[in-house]
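The lines below spell out each chain.
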Amino acid sequence: MNWRDGLTPTPMLRVGLLAPADASRDLLVEVARAGVVQLTTPSPETATGPANAMLRHAQLKPKIPVLAAQAPDLRWCEQHERLDLAAGEAQLEAVAETGVRHGPVIGFVGWVPANKLAGLSADVASIGGAAVAIRRPRGSQPPTLLAGGVARRAFAPLVETYATPPYRDLDVSVPAGLAYMAMFGMMFADVGHGALLLAIALMARFGHWRRLNIVRPAWVIVAGAAASTMVFGALYGEFFGPTHVFPVLWLPPLDQPVRLLSVAIGIGALLLAAAYLVASVNRFREGGWRSAIFAASGIAGAATFAGVGIIAAGLYTHVAVLTIAGAVLACSALGGAFLGLFAEAGGGFGGAAQAGVGSFELVVRLGSNVVSFARLAAFGMTHAALGQVVWQATTGAGRHGLLGMVAAVVIFTIGNAITFSLEALIAGVQALRLEYYELFSRIFISEGEPFRPWQLAVESIVPVADSSLEASCPVG
C-alpha cells in the first residue's frame, strides 16, 4: 500500500456478478457468505416471493436472518418457528429481483473493496459464476469504507459517529484519533488516573467483565487517551493530585495558568490550520480548483485565518509591516470567500446579502474557534484543583492519629473516585466537542454513503418438506 492509499478511504470497484440463470441462488448464497459486496437490496415489504409473503403474515419476528444453503421448505420453517431461515430467504428473494437476465445468464451489480475482488472471484467461480470489475457510472460515488490498517479501523468510529465522509475525501481517522487523545490527556492530566483508565481499557479488551463490553469496541481509543493522560500528568507533576510522587517536568497548572492558556490556544491554532489544509484538499477532490480556492472552508478560509493570525502577531510584536501584510491577506481572502458564497447562493441581491452574512460569520467564527481551545487549559486546571482539594483534605485528616489515618484513606479513595468519574466524562465530551465542532465542521461539508455489504450466516442443514414436516437433511 502506497502513502496515498493511507490517506483515502478503501478503494472501491464497481463489480458485475454473472452466473447461469439456473445457478442464481447459488451465486447469491456465495455472495452473502463472502459478505464483501454491497448490492441493491430493496425493502422486503415491497418484494414478492413466497418467503416474503409468509413473513408478512407471520406473528413472530426473527431476530437474526440466516440463509440456508439450499432453498428451505417454508412450511417446515413456519411449523418449527425457524423464521430466521425464512427471513434469510426473503432477503435473497429481494436481492434476486434486482438481477438482469440475458438469455441463459443472470447478472447483478454492486460495489466491492478492490482488495477483496480476487477472493470473491474465487468464491463464485466454484459454482460456475464470475465476478469482474466494470466501469463506474459517470457521476456515481462509491460507498465509503474507513477500514485500512489496524490504527485506521480503531479510530474510524470517531469519524463515522460524526458523518460518513464522501468517498473522494481524505481519511482523517488516524490524525483525528491522535488529536482526540492529546486533547483528552491535556484536560485529564494525572498519572494515577491515567493508569486506572488504561487498566479499564485493557480489562475491556482482554477481560470478561460484561459491564465493560460497551468499552470494548473503543478500547484502543480509551487506552491511547489513558497514555496521553499519563504523559500530561507527568508534565504537570500530578499523581492522584499534587502528591509529589512525580516531579513537575513542565509546569504546575494552578501556578502558571496564563502560560497554560497560551499553549492551549496555540495548540488550537495548529489544529485549525491542519483542519483547513485537509479541508482545502477535500474541496479540490470534490469540485476542482474553483471549489478549493473560493470555499469558506477551503483556501479562502485558510488564508483569512492566516491573515488574522499575522495581524495578531503584528499587534503583539508591534511590527507594523506584519499587521499591514496580515490585513491585506485577510481582506483579499475574505473577498474570495465572499465571491464563493455569492456564487453558491445563486447571485442577485439576496445572494449578496447571504454572502455578506456568511463572510461576517467566517471572521467571527475564526476568533471563537481559536478561543474555544482555551478549555484544554481550563479543564486541566479544574482537574488539578479538584485533585488538590482531595489531597489537602487527605493530609489534613491524616494528622489526627489512627482514626485520622482511616479517615484520610476514605477521603483519598472516595475523592479520587469522584474526581476520576466526573473529570473523565467531562474531558471525553469536551475533546469530542472540539473535534466535531471546530475541526470536522470544516473538513466535511457533505456526507457520503457508508459501505454496507450484504452478509448473512449460511446454514448447511436445510429442512426438506415431507408428510410429517419433520425431516431434515444435511447439505454439503
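Engineer: What's the story with helix α6 (residues 150-160) in this structure? I'm lost.
Structural biologist: One full turn of an α-helix is made of 3.6 residues, so residues set three or four places apart face in the same direction. Listing the buried residues of α6 in full gives Arg 152, Ala 154, Phe 155, Ala 156, Leu 158 and Val 159. Looking at the buried positions of α6, the neighbouring elements they touch are α7 (173-187), α9 (219-236) and α15 (401-443).

Engineer: How should I be thinking about the nonpolar core in this particular structure?
Structural biologist: It is characteristic of soluble globular proteins that their nonpolar side chains tend to be buried jointly. Core analysis: the largest hydrophobic core is formed by 56 residues, its most contacted members being Phe 184, Leu 376 and Phe 440. Per-element tally for this core: the top contributor is α15, with nine residues. Not counting residues up to four positions away in its chain, the partners in contact with Leu 376 are Met 183, Met 186, Met 187, Ala 264, Ile 267 and Leu 434. Val 15, Leu 17, Val 36 and Phe 108 belong to the second-largest nonpolar core, a separate cluster that totals 23 residues.

Engineer: Honestly, the pattern of salt bridges in this entry has me stumped. Any pointers?
Structural biologist: Pairs can form between side chains of opposite charge whenever their charged atoms are close. Counted under the stated rule, the structure contains eight salt bridges. For the salt bridge of Arg 283 with Glu 286, the shortest nitrogen-to-oxygen distance reads 3.0 Å. Separated by three residues within a single helix, Arg 283 and Glu 286 lie in helix α10 (residues 257-294), roughly one turn from each other. The class for Arg 283 is buried, based on a relative accessible area of 1%. Within this structure, Arg 82, Asp 84 and Glu 459 form a network of salt bridges that share partners.

Engineer: Would you take a moment to explain the packing of aromatic side chains for this structure?
Structural biologist: The description of two aromatic rings rests on the distance between their centres and on the angle between their planes. By the definition in use, this model includes 18 aromatic pairs. Each ring, one from Phe 206 and one from Trp 219, has its centre 5.9 Å from the other, and the planes form 65°; the classification is edge-to-face. Taken together, the residues Phe 206 in helix α8 (residues 191-206) and Trp 219 in helix α9 connect sequence positions 13 residues apart. In this structure Phe 206 comes out as exposed when scored by relative accessible area, which is 54%. Since its relative accessible area comes to 23%, Trp 219 is described here as partly exposed. Clustering of aromatic rings is evident, with ring pairs tying together Phe 239, Phe 240, Phe 246, Trp 391 and Phe 412.

Engineer: What am I meant to see in unusual backbone geometry here?
Structural biologist: For residues besides glycine, phi is generally negative; the peptide bonds are generally trans as well. Unlike most non-glycine residues, His 244 shows phi in positive territory, near 65°. Following the sequence through the fold, His 244 ends up in the loop between α9 and α10. Judged by its relative accessible area of 69%, His 244 is exposed.

Engineer: Help me understand the side chain of His 193, please; the structure alone is not making it clear to me.
Structural biologist: Tracing the chain through its elements places His 193 in helix α8. His 193 gets classed as buried once you look at its relative accessible area, which sits at 2%. A polar contact of 3.0 Å, which involves the side chain of His 193, links it to the side chain of His 383.

Engineer: Which parts of the structure should I look at to understand the side chain of Thr 8?
Structural biologist: You can see Thr 8 is positioned in the segment before β1 (12-20). For Thr 8, the residues in contact, after removing those within four places along its chain, are Arg 152, Asp 169, Leu 170, Asp 171 and Arg 285.

Engineer: Please explain the environment of Gln 354 as it appears in this structure.
Structural biologist: Inspection of the secondary structure assignment puts Gln 354 in helix α13 (residues 348-372). The spatial distance from the C-alpha of Gln 354 to the C-alpha of Glu 30 is 54 Å, given a sequence separation of 324 residues.

Engineer: What am I meant to see in the packing of α10 against α15 here?
Structural biologist: Two measures define how a pair of helices packs: the angle their axes make with one another and the distance between the axes. Packing of α10 against α15 leaves a shortest axis separation of 7 Å and a crossing angle of 20°. When the interaxial angle is binned, α10 and α15 end up roughly parallel. Side by side, α10 and α15 meet where Leu 271, Leu 272, Ala 275, Tyr 276, Val 278, Ala 279, Asn 282 and Arg 283 of the first sit next to Glu 438, Leu 439, Arg 442 and Ile 443 of the second. Across the contact of α10 with α15, the residue classes tally to eight nonpolar, one polar and three charged.

Engineer: Would you explain the confidence of the model for the protein in this entry?
Structural biologist: Note: predicted coordinates in regions of low pLDDT should not be interpreted at a detailed level. The predicted model of the protein has a mean per-residue pLDDT of 89, with 93% of residues at 70 or higher. Under a pLDDT of 50 for its full length, residues 465-476 has, in the predicted model, 28 contacts with residues more than four places off or in other chains.

Engineer: It is not clear to me how the environment of Ile 310 should be interpreted in this structure. Could you clarify?
Structural biologist: With respect to the helices and strands, the residue Ile 310 is situated in helix α11 (residues 299-317). Among the residues examined, Ile 310 registers a relative accessible area of 29% and is labelled partly exposed. Along the primary structure Ile 310 and Glu 78 are separated by 232 residues, whereas in three dimensions their C-alpha atoms are 73 Å apart. Aside from chain neighbours lying at most four places away, what touches Ile 310 is Leu 322, Gly 326 and Leu 329.

Engineer: Help me out: how do you make sense of the pairing of β1 in this one?
Structural biologist: For a regular strand, side-chain orientation follows a simple rule: the groups alternate between the two sheet faces. Across nine bridges, the pairing between β1 and strand β5 (residues 105-113) is antiparallel. Counterpart to Val 15 in the pairing with β5 is Gly 110. The pairing of β1 with strand β6 (residues 130-134) spans five bridges and is classified as antiparallel. What sits directly across from Arg 14, in β6, is Ile 134.

Engineer: Mind showing me how you'd approach a nonpolar patch on the surface here?
Structural biologist: Together, Phe 284, Trp 289, Ile 293, Phe 294, Ile 299 and Leu 339 make up an exposed nonpolar region whose accessible area comes to about 560 Å². Of the residues forming the nonpolar patch, the biggest block, four residues, is contributed by α10. Within the secondary structure layout, Ile 293 lies in helix α10. Classification of Ile 293 by relative accessible area gives partly exposed; the value is 36%.

Definitions and limits used
- Residues numbered from 1 in each chain as written.
- Predicted model: local features only at pLDDT ≥ 70, side-chain atom pairs only at ≥ 80, totals over all residues.
- Heavy atoms only, no water.
- Buried < 20%, exposed > 50% of the residue type's maximum accessible area, 1.4 Å probe, protein only.
- Helix = DSSP H or I, 4+ residues; strand = E, 2+ residues; numbered from the N terminus.
- Contact = heavy atoms within 4.5 Å.
- Core = buried A, V, L, I, M, F, W, Y, C linked by side-chain atoms within 4.5 Å.
- Salt bridge = Lys/Arg side-chain N within 4 Å of Asp/Glu carboxyl O.
- Phe/Tyr/Trp six-rings, centres within 6.5 Å; stacked < 30°, edge-to-face > 60°.
- Polar contact = N/O pair within 3.5 Å; in protein donor to acceptor, adjacent residues only side chain to side chain.
- Axes fitted to C-alpha atoms, helices over the stretch in contact; angles between N-to-C directions.
- Parallel < 35°, antiparallel > 145°, perpendicular 65-115°, else oblique.
- Nonpolar A, V, L, I, M, F, W, Y, C, P; charged D, E, K, R; others polar.
- pLDDT = per-residue confidence, 0-100.
- Pairing = 2+ DSSP bridges.
- Patch = residues over 30% accessible without salt bridge, like charges linked within 9 Å, V, L, I, M, F, W, Y side chains within 5 Å.
- Areas by Shrake-Rupley, 256 points an atom, 1.4 Å probe, with all protein chains shown as cover.

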